[in-house]
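Structural characterization, general
Below, each chain spelled out in residue letters.
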Amino acid sequence: MPADRLHLVRHGEVHNPRRVLYGRLPHFGLSEDGRRMAQAAADHVVSLGRPVAALVASPLQRTQESAEPFTAAFGLDPTLDERVIEPHNVFEGRRMRRALANPLNWRHLRTPETPSWGEPYLEVVARMDAAMRDLWQSADGGDAVIVSHQLPIWITHLAVAGLPLRHDPRRRRCALSSITSFELAGDVWREVDYAEPASTAGAVDVGAV
């Protein structure tokens, strides 16, 4: 049986004292607050009273750590799926304000609709959609959870809503440990809920790639 509902969960706050854009770089795990946020996300899904039959996470450290409360709550080990990973970005490892002040980097901003600084939005949509559909069909009833990243979740929202994929990263409605939920009606995704169960007050690293 296919899934009943699919939840895209963003990871919690990352320990990032240098304030760099970490992208796909290794060794960026959750902060203490990030672990609290991840727990709040899992608690929210538990509170829905819906069985969860499948758990997937991006291979990056912060998403695997954010999946741990779901493992504890539902007894599911996450399957790691490269298709729900953070997009690559030429600014990885840099502080964005400093990088954008350098004229040598302006060439990376020439086509923001693509975007020219990283993986094309259309490719992100395609891989996320494929991962979601595969999980939906293999979940064997109940809900499914994918722990992913801000941009893949937000770009999925835009695609499902039929909105332009070009956007201002500072205006994404995809808070830390937020939950964006979808159902598949026939062959068409529809967004059915959005929740921000974790308080992000005082968060140092809210992220935007």
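Whatever comes next refers back to the structure up there.
Rules behind the numbers
- Residues numbered from 1 in each chain as written.
- Predicted model: local features only at pLDDT ≥ 70, side-chain atom pairs only at ≥ 80, totals over all residues.
- Heavy atoms only, no water.
- Core = buried A, V, L, I, M, F, W, Y, C linked by side-chain atoms within 4.5 Å.
- Buried < 20%, exposed > 50% of the residue type's maximum accessible area, 1.4 Å probe, protein only.
- Helix = DSSP H or I, 4+ residues; strand = E, 2+ residues; numbered from the N terminus.
- Contact = heavy atoms within 4.5 Å.
- Salt bridge = Lys/Arg side-chain N within 4 Å of Asp/Glu carboxyl O.
- Axes fitted to C-alpha atoms, helices over the stretch in contact; angles between N-to-C directions.
- Left-handed = near helix turned anticlockwise from the far one by under 90°.
- Nonpolar A, V, L, I, M, F, W, Y, C, P; charged D, E, K, R; others polar.
- Pairing = 2+ DSSP bridges.
- Expected span 1.5 Å × (residues − 1).

1. What about the nonpolar core?
Ranked by size, the top nonpolar core spans 30 residues in total, and within it Leu6, Leu8 and Ile146 carry the most contacts. Those elements that place two or more of their residues in this core are β1 (5-10), β2 (52-57), α4 (121-138), β4 (143-148), α5 (150-161) and β5 (179-185). Looking at which element gives the most residues to this core, the answer is α4, with 7 residues. Sequence-distant contacts of Ile146, that is, excluding residues within four places in its chain, are made with Leu6, His7, Leu8, Val9, Val56, Val84, Met132 and Leu135.

2. Quick look at the pattern of salt bridges
Any two side chains of opposite charge can pair, on the condition that their charged atoms come close. Under the counting rule described, the total for this entry stands at 17 salt bridges. Here Glu65 ties to Arg35 by a salt bridge, and the two come within 3.5 Å at their closest N and O atoms. Separated by 30 residues along the polypeptide, Glu65 in helix α2 (residues 61-74) and Arg35 in helix α1 (residues 32-47) bring together distant segments of the chain. For Glu65, a relative accessible area of 13% translates into the label buried. Taking relative accessible area as the criterion, Arg35 reaches 39% and is therefore assigned partly exposed. Note that Arg62 is salt-bridged to Glu86, the shortest N-O span being 3.0 Å. With Arg62 in helix α2 and Glu86 in the loop between β3 (79-80) and α3 (96-100), the pair connects residues that are 24 residues apart, well separated along the chain. The same class applies to Arg62 and to Glu86, which are both buried. Overlapping salt bridges, with partners in common, bring together Arg5, Glu183 and Arg190 in one network.

3. Digging into the packing of α1 against α2
A packed helix pair is summarised by two numbers, namely the angle formed by the two axes and the spacing between the axes. For the pair α1 and α2, interaxial distance at closest approach is 8 Å and the crossing angle is 35 degrees. Judged by the sense of rotation from one axis to the other, the crossing of α1 with α2 is right-handed. For the pair α1 and α2, contact is made by Arg35, Ala38, Gln39, Ala41, Ala42, Val45 and Val46 and by Glu65, Ser66, Glu68, Pro69, Phe70, Ala73 and Phe74, respectively. Here the residues of the contact of α1 with α2 sort into 9 nonpolar, 2 polar and 3 charged.

4. Points about the sheet that holds β4
With mixed pairing, 6 strands are arranged side by side in an open sheet as β3-β2-β4-β1-β5-β6. Each edge of the open sheet carries a strand with a single partner, namely β3 and β6 (188-195). By the bridge criterion, 2 bridges tie β2 to β3 in an arrangement that is parallel. For Ala57, the partnering residue across the bridge sits in β3 and is Leu80. Contacting β1, β2, β5 and β6, α1 runs over the sheet at an angle of about 40 degrees to β5. In the packing of α2 onto the sheet, the strands contacted are β1, β2, β3 and β4, and the crossing angle to β2 comes to about 165 degrees.

5. A look at the environment of Gly142
Structurally, the position occupied by Gly142 is in the loop between α4 and β4. Residue Gly142 is classed as buried on the basis of its relative accessible area of 8%. C-alpha separation for the pair Gly142 and Ser181, spaced 39 residues apart in sequence, amounts to 13 Å. Setting aside residues up to four positions removed in sequence, Gly142 forms contacts with Ala3, Asp4, Arg5, Pro51 and Ala53.

6. Here we look at the environment of Asp140
Inspection of the secondary structure assignment puts Asp140 in the loop between α4 and β4. Residue Asp140 is classed as exposed on the basis of its relative accessible area, which comes to 59%. The spacing of Asp140 and Pro2 is 138 residues in sequence and 5.3 Å in space, taken between C-alpha atoms. With near-sequence residues (within four places) excluded, Asp140 lies in contact with Met1 and Pro2.

7. A closer look at α2
Between its terminal C-alpha atoms α2 stretches 20 Å, which fits the 20 Å expected from 14 residues at 1.5 Å a residue. Among all positions in α2, only Arg62, Thr63, Glu65, Ser66, Ala67, Pro69 and Phe70 are buried. Once α2 ends, the next one or two residues include Gly75, with phi positive near 70 degrees.

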